[in-house]
Amino acid sequence: MSTLKEKSIGKRSSDNSSRLKTLSTSSSHSVVQKNSGVENTGMAGAITDIQTTLHNINNRLDRLETVNKNLEEIKNDIYARDGLDHRLKTLADEAHGIDSDVHTVKEENVRLRLELDLLKSVVMRMDKKITDMDKEIISLKSRSMRDNVLVHNFPYAPNEDLMTAVPIAIKEQLGIDVEFVRIHRNGMRRGSDSRPVSITEKLQNRSAKDAILKAQKAKKALGTRLPFHITAQEPIPVVEDRKRLYDISESFRKDNQQTRVVKDKLILPSGEEYEDVVPMMKNSDVLKFDADTLSQLNTVETFSTPEVEREGNVMFATGAKTYSASDVETVYRKVCCDPKSASAHHRILVYRFRDERDGKIRQNYHDDGEYGAGRRLLKYMTDNEITNSTIVITKHDSGRYIGYQRFQILEDLVCDIENELDS
């Protein structure tokens, strides 16, 4: 029994052992198969990665080839005959030439600036000399006229003999015996209804001149009306400047300020000499303006009329609205800096504005050699109540005299420019 039982147990053990071996073998085969599947899957993935990497490398190589072609094209563009390198060299050569030209221009500019400064100095010196010469000429004229008198409003007579008629009239009206070296009328009669042309008389005795003027003054003091009027003859510039001073003196009188005209000066109540708020400008004054001053003048808005021509004489007006003496001077300076006006024979200034400080009218004029024009234009502005305006008349003379019609032309220009300013 025990043997059978042991055999049975042994057999069972053997069977179990055989069964375990079979399981082990099958299990072993199963593990091998599983490991082989895993290895195949990993291999496939690696191949796929390698293929992807190779594809990427090919793409990069293609791009590099494209870049290389582009570089070759750029290289050709740079180093070809008409390429960038050639053009850069050409530009470099041109730049060198330009630099040389700029250097030359700078040197010429310095030289021209020196020449311009020299010319300015010469012009200013000449302008001063001309001013001095004008004064000397006026002085010479004054001395040559010291024995002369002018007779105004002396009536015409048929076949008149002035050498006889005038001394007789002076004797009858003033009680003075006079003799003349020369006597003549100062021009032709303008019309049958016009005022008589004045008469110039050169006295033999200079002392008779003072006696005539003194006797005439005494007659006026008594209220005696004379048929003619006698004045000392003086150069026109002296007479016109004095008239202007009397006009200014009258403006002071209206403000209850007493002034005195002494020769060519106006003496103020304080005893000081009157000076124009806006002095007359000369070409030498214009040449002293620097670039900043000229730039500021160009910002001022002005208006000009078309040119008017008569017998070769050319005139036009330039004006602007002004409210102070500073405004007036700015407009005047701008006009004088304009080449058309700078080269003109006359630049007639006339202005009239209401002072914002006290509400009073300030007015004045400069004839600039066109004697009588400034006073007439200022009167025109006053009569037409034109205020806050500055007008400069530019006049180029041709040498042909156009007489009194020029004043009408000037008044028309003032009217035109004022209409333009008010529009």
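Further up the page is the structure itself.
Below is a short write-up of the structure. Keep in mind the model is a prediction, meaning the values are calculated, not measured.

## As for the overall build of the protein
Helices and strands together make up the secondary structure of the protein, namely 11 helices and 12 strands. Relative to its full complement of 423 residues, the protein shows a buried share of 28%. In the protein, once contacts between residues fewer than 6 apart in sequence are set aside, the share between residues at least 24 apart is 65%. When the accessible surface of the protein is totalled, it reaches about 28,500 Å², and 52% of it is carbon and sulfur.

## Notes on the packing of helix H7 (residues 291–298) against helix H8 (residues 325–337)
In a pair of packed helices, the angle between the axes and the distance between the axes together describe the arrangement. Contact pair H7 / H8: the axes reach a minimum separation of 9 Å and the direction vectors enclose 105 degrees. As far as their axial angle goes, H8 and H7 are roughly perpendicular. Counting all contacts with H7, which are made through Thr293, Leu294, Leu297 and Asn298, the residues of H8 involved are Thr330, Arg333, Lys334 and Cys337. Considered class by class, the residues forming the contact of H7 with H8 number three nonpolar, three polar and two charged.

## Section: the layout of surface pockets
Size it by volume and the largest pocket reaches roughly 2,100 Å³. Breaking the lining of the largest pocket down by element, the ones donating at least two residues are helix H2 (84–144), helix H5 (236–254), strand E6 (265–267), strand E10 (346–354) and strand E11 (361–366). The greatest single-element share of the lining of the largest pocket, amounting to 10 residues, is contributed by H2. Of the residues belonging to the lining of the largest pocket, the class tally is 19 nonpolar, 10 polar and 21 charged. Within this model, the second largest pocket holds a volume of roughly 1,600 Å³. Broken down by element, the lining of the second largest pocket gets its largest block of residues, six residues, from H5. Taken together, the residues that form the lining of the second largest pocket break down as 14 nonpolar, 14 polar and 13 charged.

## So, H5
With 19 residues, H5 extends 27 Å between its outermost C-alpha atoms, agreeing within 8% with the 27 Å of an ideal straight helix rising 1.5 Å per residue. Looking at H5, one finds that the buried residues are Pro237, Glu240, Arg244, Leu245, Ile248, Ser249 and Phe252. Following H5 by one or two positions, asparagine 256 adopts a phi angle in the positive range, close to 65 degrees.

## A short note on the side chain of arginine 347
Position of arginine 347 among the secondary structure elements: in strand E10. If we ignore the near neighbours within four places in the chain, the residues touching arginine 347 are Met281, Lys282, Asn283, Tyr332, Cys336, Ser341, Ala342, His366, Asp368, Val392 and Ile393.

## Looking at the packing of aromatic side chains
Here the structure, examined in full by the defined rule, presents four aromatic pairs. Relative to phenylalanine 353, the ring of tyrosine 351 has its centre 6.1 Å away and its plane inclined at 25 degrees; by these criteria the two rings are stacked. With respect to burial, tyrosine 351 and phenylalanine 353 carry one shared label: buried. Ring centres of tyrosine 404 and phenylalanine 407 lie 5.8 Å apart, and the angle between their planes is 55 degrees; this geometry places the pair in the tilted category. Geometry around tyrosine 156 places arginine 185 over its ring, the cationic atom sitting 4.1 Å from the centre. Cation over ring: arginine 406 sits above phenylalanine 407, and NZ or CZ is 4.2 Å from the ring centre.

## Digging into unusual backbone geometry
The phi torsion at asparagine 153 lies on the positive side, around 65 degrees, for a residue other than glycine. In this fold, asparagine 153 is placed in the loop between strand E1 (148–152) and helix H3 (162–174). Judged by its relative accessible area of 35%, asparagine 153 falls in the partly exposed class. For glutamate 311, which is not glycine, the phi torsion reads 55 degrees and is therefore positive. Residue placement: glutamate 311 occurs in the loop between strand E8 (308–310) and strand E9 (313–321).

## Points about the sheet that holds strand E3 (residues 199–203)
Taken in spatial order, the four strands line up as E2-E3-E1-E4 in an open sheet, and their pairing is antiparallel. With partners counted over all chains shown, the strands left at the sheet margins are strand E2 (180–185) and strand E4 (229–232), one partner each. Between one strand axis and the next, the sheet turns by 20 degrees as a mean value, whatever way the strands run. For E2 and E3, the ladder comprises five bridges, and the chain directions are antiparallel. Considered in E3, the bridge of isoleucine 183 is made with glutamate 201. In the packing of H3 onto the sheet, the strands contacted are E1, E2, E3 and E4, and the crossing angle to E2 comes to about 100 degrees. Against the sheet, helix H4 (residues 207–221) contacts E1, E3 and E4, and its axis sits at roughly 135 degrees relative to E4.

Parameters at a glance
- Residues numbered from 1 in each chain as written.
- Predicted model: local features only at pLDDT ≥ 70, side-chain atom pairs only at ≥ 80, totals over all residues.
- Heavy atoms only, no water.
- Helix = DSSP H or I, 4+ residues; strand = E, 2+ residues; numbered from the N terminus.
- Buried < 20%, exposed > 50% of the residue type's maximum accessible area, 1.4 Å probe, protein only.
- Contact = heavy atoms within 4.5 Å.
- Areas by Shrake-Rupley, 256 points an atom, 1.4 Å probe, with all protein chains shown as cover.
- Axes fitted to C-alpha atoms, helices over the stretch in contact; angles between N-to-C directions.
- Parallel < 35°, antiparallel > 145°, perpendicular 65-115°, else oblique.
- Nonpolar A, V, L, I, M, F, W, Y, C, P; charged D, E, K, R; others polar.
- 1 Å grid on protein atoms, 1.4 Å probe; cavity = no way out; pocket = protein on both sides within 12 Å on 5 of 7 lines; lining within 4 Å.
- Points joined across faces, edges and corners; volume = space filled by probe spheres on them.
- Expected span 1.5 Å × (residues − 1).
- Phe/Tyr/Trp six-rings, centres within 6.5 Å; stacked < 30°, edge-to-face > 60°.
- Lys NZ or Arg CZ within 6 Å of the ring centre and 35° of its normal.
- Pairing = 2+ DSSP bridges.

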